[in-house]
Structures are given as structure tokens and as C-alpha cells.
Amino acid sequence: MYAPRWKKLMFAASLAVLPACGLEDPKSPEAKGLDPQAPTELGQTRAALTTGPASCQDIKNANPSAADGEYVLFHGGDRSKPWSAWCRNMAGTPAEYLSLPSTGSSLNFSQYTAGVNNGGGTDVRTLFTKVRIDPTTLRVSTGDQTFSTSSGLLWHGDAVTSMSYAAAMNCDFGNPGLGNVDLRGTSFAVAPNEFVAVGYYASGGATYSSNNQVVDLWNRGECGWMSVQGADHPFNGRDAQLQLQYRQSTPASCQDIKTALPSAADGEYVLYVNGDAAKPWEAWCRNMAGTPAEYLSLPSTGSSLNFSQYTAGVNNGGGTNVRTLFTKVRIDPATLRVSTGDQTFSTSSGLLWHGDAVTSMSYAAAMNCDFGNPGVGNVDLRGTSFAVATNQFVAVGSYPSGGATYSANNQVVDLWGRGDCGWMSVQGADHPFNGRSAQLQLEYASAPPAPPAQPTSGSFNFNASNTNSATQNTTPFDVTLTAGQTLSFGTCSVNGASGSGDTYLRLYAPDGTHVTANDDACGYLSFVGYTATQSGTYRIQAGCYSSSSCSGTVAFTIQ
């Protein structure tokens, strides 16, 4: 017997008050498209070395439900040429815009400076936050004012209320017209020789700087303007084409990011080992308002990943195991050495005594001081661009013993250590707790071997009951996805799918996060479409609504 719809709604509402049970909202947001994590200013998301989406239409083709917003596109589809695009009108005909991080009253503006020939008007200044760009030709449509604001009013035959991008104008030999193009924080520069003084007795200049990412404009004349070649009276939306060029940026440090763009905020960026374009890595830049510091984010997190533990024993005054979990570690971008004592991005539990109170552990360490249960630890760099250098660990202390087992192409190291008082940790570490530091040497990792071919379609059968809406007693099935691939699966709407009863489907990401679910897409059967935001193994869980019984065939496709 099936539950009435109102009962289902009440049950769904009850899930909202049970976060501790892991029952996330099945209507949680889905990925907007390929590579949805847009660059933060000079940063770029990590991308596979294959082709990628070159236009917003490519994003929409992969995920028709993709909404307006920021996406990573790749010039010419080349994954080595990422850039941050704002995709507009995704519900209709998508259009690409280039977001301009450098904004303000004197940045990315165009001004027609009023004079005696303008009927007593006021300067007309237009400020731009985004500009329309053709992702194939990299030409900016200077007349598109979708993302702009204008002030002032003057007369040039008719009323002038706005200016086109990349223009400066004056019509009485008085104070010059002014303008500015500032592409710092983007992946582009202005092509050379793009500007010309036009009009009656026109004079002016276009001064390029910051590796052609900044152009300052001025102009005056009987009636003249300095603007893009081909521009005719560049106001009120009149259009010309400003040619940009892709500019490979290979910052080696967070300070390089800040130097190029002083307003850059704390966040994730792509750096390059010693500025080598062939060695990108994803860094978290901290304290960008002061002295920037680089951290390596650790995608592999959990109670038994990237942790260090001092296992308590009889010599620790009845204390409890001290375990510290790390989500980011401090790294020197020049030497690739990790400061194991930096606990900025860590959490600790437990308390024991080793002379003084021990409340935290350094990274990459395992400790025990009574020959009892060993201390344990783990380093897991999977999902990063690095591996652990060989022969980094040693057993130290009084009668120490232990081990450091490398695996996963040296991206994983499992540690154990014990002794009268002993620890297994990085060479040079002295009692690795409470922030005491040593240097763990990493190496840039070459690309891992290609995973075995993943079927593009398939199915599995299930028969279940009392699954609490696919949260217990479920039938699991794993699929491997690459970021950007779209998985469609269901007991309906996919070729070969079928079901009996009230089915319920959930999907979990490689890190165990619940990402989406469905109930009743086709009557009492279920269907899910999801575009992967990270590469790895995803788990489908097939079950039934509430405590009911159901069965069927879950079919899937991967595109």
C-alpha cells in the first residue's frame, strides 16, 4: 500500500530536523555544469589534461538545467587555457561575459568629458563589471552595457547617457575625456595597437601597462575620441570590437597573486611550481590582506585520513587518545616542504599528559609511550598534485618501533609507532605534539595512470524493504565519474529501468557527501540526473520510500 502524498510531504519535512542521522535534503543544489568552480581572481580550478567546454552552450549541452552564473571555460577547448566566464541567459541562448575583478570609480570605465559644446551637461561616465566576449575570437563587444552603470548627462545632438567600453571623448579642446581597461585578475590581455584617435582635430593616447592587461586612455579635440579602431561616436551603446589575447599566467606563490592583483582575497588559486606551466597545483592562499601564506588543501578527509594520533597508555595519567585531523597543511611553494607543526586548518580531540598536557598532534606522526596499543597516523595526498618523497620517516625515542607504509604511487603513507616512549614521524621531529614542527618533503607527482575504462551504461537489480528512504538496508552500486560527466540513473526514464513499489534513489560523492536524491519522478518510480563536480567513485543507493518494500532494475548512463 502506498502512502498518500500528504504523508510523504510530512515525512520529507521531518528529515529537516534529523541532520545527525545523515538525512540530507534530497533537493540539495546540483552542479551547474562542467567545472562549476570558477576561478577566484587569478586562481583557476584544477582540470584534467583533456578537452573542456569552450562556450556556455557547451555547458548547457552537458547539463540543460545549468543556471546563469560563473563557469570555467577553456579557450579553443584547450584545458591548458582556462578562463572564468559568466554565462548569461542559460535558459535561452547562452552568452559569455568576462567578469572584471578590477572595479571602482577609476577602473574599467569610459568617460565623455562635458564641455562648452555640450549644452551645459555633466560628464558621462560608465563603469563596467562584465563585458561581452566572443569565446572563439576573444573579441569584446564594446557597446554591450548589460553589466554597467552610468552617471551624468550631456548633449551631442541627442542626449548622451552612457559610454561604450574602452573609450574616452571630449568635444571642445577642454579637459580630456578619460577611460581605462583593466584586465588584471583575468586570463586575458589587450592586443597591441587596438586604439586610435578619431574625430575633428582629435588627439589622445593609449598607455599600455601591466603586461598589456591595463590600458589608460585620454582624448580631446574639436570633437574627438580615443577608442577601439572602427568605433564611431562611442556612446549610447554604439559598438566596436576590442581584440583580447589569451595570457598564460603562471604565478609561483600567493605573493605573486597579490602583486598582480592587490585586492585578491583569501581562497583557492592555481599556482605553478617555480613558475613552470607544466606543473600546476591548487593552493589555498591565506592572509592575502597581509603576508600571504600557501596551504595545500587535502581532498581526502575523515576520521582515518590525514590524521596523527598519540595513543594514550598507562604512562599518560589516565588520559585519552589525542587525534588531530588536517584539512589543509602549510607548504613552502619553492621547496615543497610541509611544516608539520602548523595546525591552522586542523581539529583535535582527546587529552593526555606527557609532562605537560598534550592537546594536539603534528602532521604525519604516530606516537605511544608504554609499549601498548600503537600510535597511528595517515598522510593522504590523493586528489592533489603531490606525492611524499621516499625515506621521510623514522622511528625515534626510547626503544622505538614502527612503520611507514607507502602506497597509491607514494600519495598515501600509513604510520604506526610505539615504544617505552616512541614515535614514527618525519626525520628531525622532536616529540611531535602541541605544534612542534618538522619539514615533510613532497614531490610533484606525474599524472597517474589512466583508470580502467568505465562503462557508459549499465544496470543493477535490487529488492529492499524498511530502507528509511534509502538511508539504511539499501543496495549500493559504485560508478566512476570524471568531473564534468553527467550520470543519469533511475527505475524509470532510462532504457532498461523498471520498478515495483515506491522506489527511492540517492547518490553520494567520493568524499561520502550526499549530493542528490529522488522520489516519485515518474509516479512512484525514481530518476536522477547529476553532473559530477569532482572525479572519483560515486555510490548509488537504491531503496524504498519510508519503511515500504520495493524492487526493480536501476539503469544508468554516463555522458
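Everything below is about the structure printed above this text.
Residues numbered from 1 in each chain as written. Predicted model: local features only at pLDDT ≥ 70, side-chain atom pairs only at ≥ 80, totals over all residues. Heavy atoms only, no water.

Considerations on the overall build of the protein
Within the protein, the regular secondary structure consists of three helices and 45 strands. Per-residue burial for the protein yields a buried fraction of 48% across its 559 residues. Just so you have it, the protein exposes about 23,700 Å², and 50% of that area is on carbon and sulfur atoms. (Helix = DSSP H or I, 4+ residues; strand = E, 2+ residues; numbered from the N terminus. Buried < 20%, exposed > 50% of the residue type's maximum accessible area, 1.4 Å probe, protein only. Areas by Shrake-Rupley, 256 points an atom, 1.4 Å probe, with all protein chains shown as cover.)

A short note on the nonpolar core
If you look at the biggest cluster of nonpolar residues, it comprises 34 residues, and the most contacted ones within it are Leu296, Tyr363, Leu381, Phe386, Phe393, Leu440 and Leu442. Residue assignment for this core shows that the elements contributing at least two residues are α3 (254-260), β19 (267-272), β20 (280-286), β24 (328-331), β31 (386-388), β34 (412-418), β35 (421-426) and β36 (439-444). The leading source of residues in this core is β20, at three residues. Every residue in contact with Phe393, bar those within four places of it in the chain, is listed here: Ala364, Val388, Ala404, Tyr406, Val413, Leu415, Met424, Ser425, Val426 and Leu440. (Core = buried A, V, L, I, M, F, W, Y, C linked by side-chain atoms within 4.5 Å. Contact = heavy atoms within 4.5 Å.)

Considerations on a nonpolar patch on the surface
Together, Phe173, Tyr200 and Tyr201 line one region of the surface with nonpolar side chains, adding up to about 380 Å² of accessible area. With respect to the secondary-structure elements, Tyr201 resides in the loop between β14 (195-200) and β15 (203-209). Overall, Tyr201 belongs to the exposed group, its relative accessible area being 56%. (Patch = residues over 30% accessible without salt bridge, like charges linked within 9 Å, V, L, I, M, F, W, Y side chains within 5 Å. Salt bridge = Lys/Arg side-chain N within 4 Å of Asp/Glu carboxyl O.)

Considering the sheet that holds strand β44 (residues 536-544)
Ordered by their spatial adjacency, four strands build an open sheet running β38-β44-β41-β42, and the pairing between neighbours is antiparallel. The open sheet is flanked by β38 (475-481) and β42 (514-519), the only strands paired with a single partner. With direction set aside, neighbouring strand axes in the sheet form an average angle of 20 degrees. Judged from the five bridges that link them, strand β41 (residues 503-508) and β42 form a sheet pairing that is antiparallel. Each residue of the ladder has a partner; that of Tyr504, found in β42, is Asp519. (Pairing = 2+ DSSP bridges. Axes fitted to C-alpha atoms, helices over the stretch in contact; angles between N-to-C directions.)

Here we look at the pattern of salt bridges
One pass over the full model with this rule turns up five salt bridges. With a closest N to O distance of 2.8 Å, Asp478 and Arg539 form a salt bridge. Taken together, the positions of Asp478 in strand β38 and Arg539 in strand β44 put the pair 61 residues apart, joining distant regions of the chain. Note on Asp478: relative accessible area 37%, which makes it partly exposed. Exposure remark for Arg539: the relative accessible area of 37% places this residue in the partly exposed category.

Points about the environment of Pro192
Note that Pro192 resides in the loop between β13 (188-190) and β14. On the accessibility criterion, Pro192 (41% relative accessible area) is partly exposed. In this structure the C-alpha to C-alpha distance between Pro192 and Gln245, which are 53 residues apart in sequence, comes to 9.4 Å. Non-local contacts of Pro192, meaning those with residues more than four positions away in its chain, are made with Tyr208 and Gln245.

What about the state of the cysteines?
Inspection of every chain in the model, using the stated rule, returns six disulfides. Note that Cys171 is cross-linked by a disulfide to Cys223, the S-S spacing being 2.0 Å. Looking along the S-S bond of the Cys171-Cys223 disulfide, the torsion reads about 45 degrees, which is the right-handed sense. Of the two residues, Cys171 is situated in the loop between β11 (167-170) and β12 (177-182) and Cys223 in strand β17 (residues 223-228); the sequence distance between them amounts to 52 residues. Across the disulfide, Cys369 is cross-linked to Cys421 (sulfur-sulfur distance 1.9 Å). The chirality of the disulfide connecting Cys369 with Cys421 is right-handed, given an S-S dihedral of about 45 degrees. With Cys369 in the loop between β29 (365-368) and β30 (375-380) and Cys421 in strand β35, this pair connects stretches of sequence that are 52 residues apart. For Cys421, a relative accessible area of 16% puts it in the buried group. For the protein, the bonded cysteines pair up as 1-2, 3-4, 5-6, 7-8, 9-10, 11-12 when numbered in the order they occur along the sequence. (Disulfide = S-S within 2.5 Å.)

So, empty space enclosed by the protein
One pass over the structure, following the stated rule, counts one cavity of 30 Å³ or more. Its boundaries defined by the atoms lining it, the largest cavity holds a volume of some 50 Å³. Around the largest cavity, the lining comprises 13 residues; the ones closest to its centre are Thr340, Ser362, Ala429, Pro432 and Ala438. Its residues placed into classes, the lining of the largest cavity shows seven nonpolar, four polar and two charged. (1 Å grid on protein atoms, 1.4 Å probe; cavity = no way out; pocket = protein on both sides within 12 Å on 5 of 7 lines; lining within 4 Å. Points joined across faces, edges and corners; volume = space filled by probe spheres on them. Nonpolar A, V, L, I, M, F, W, Y, C, P; charged D, E, K, R; others polar.)

Considerations on the side chain of Glu194
If you trace the backbone, Glu194 turns up in the loop between β13 and β14. Buried within the structure, Glu194 lacks any salt-bridge partner; its nearest side chain of opposite charge belongs to Arg139, at an N-O separation of 7.4 Å. Only 2.9 Å separates the side chain of Glu194 from the backbone nitrogen of Gln243, close enough to count as a polar contact. For Glu194, the residues in contact, after removing those within four places along its chain, are Tyr208, Ser227, Val228, Gln229, Gln241, Leu242 and Gln243. (Lys, Arg positive; Asp, Glu negative; His and termini not counted. Polar contact = N/O pair within 3.5 Å; in protein donor to acceptor, adjacent residues only side chain to side chain.)

Points about the packing of aromatic side chains
Under the definition given, this model contains 18 aromatic pairs. Here the aromatic rings of Tyr97 and Phe147 are separated by 5.0 Å at their centres, their planes lie at 75 degrees, and the arrangement is edge-to-face. With a gap of 50 residues between them, Tyr97 in strand β3 (residues 95-99) and Phe147 in the loop between β7 (139-141) and β8 (148-151) connect regions that are remote in the sequence. Accessibility classification places Tyr97 together with Phe147 in one group, the buried group. Judged by centre distance (5.3 Å) and plane angle (70 degrees), the ring pair of Trp281 and Phe386 falls under edge-to-face. With a gap of 105 residues between them, Trp281 in strand β20 and Phe386 in strand β31 connect regions that are remote in the sequence. Here Trp281 falls in the buried class, since its relative accessible area comes to 2%. Phe386 sits in the buried class, given a relative accessible area of 0%. Connected via pairs of aromatic rings, a cluster forms that spans Trp83, Phe188 and Tyr246. For the cation-ring pair, Lys130 lies above Trp86, with the distance from its terminal atom to the ring centre recorded as 4.6 Å. (Phe/Tyr/Trp six-rings, centres within 6.5 Å; stacked < 30°, edge-to-face > 60°. Lys NZ or Arg CZ within 6 Å of the ring centre and 35° of its normal.)

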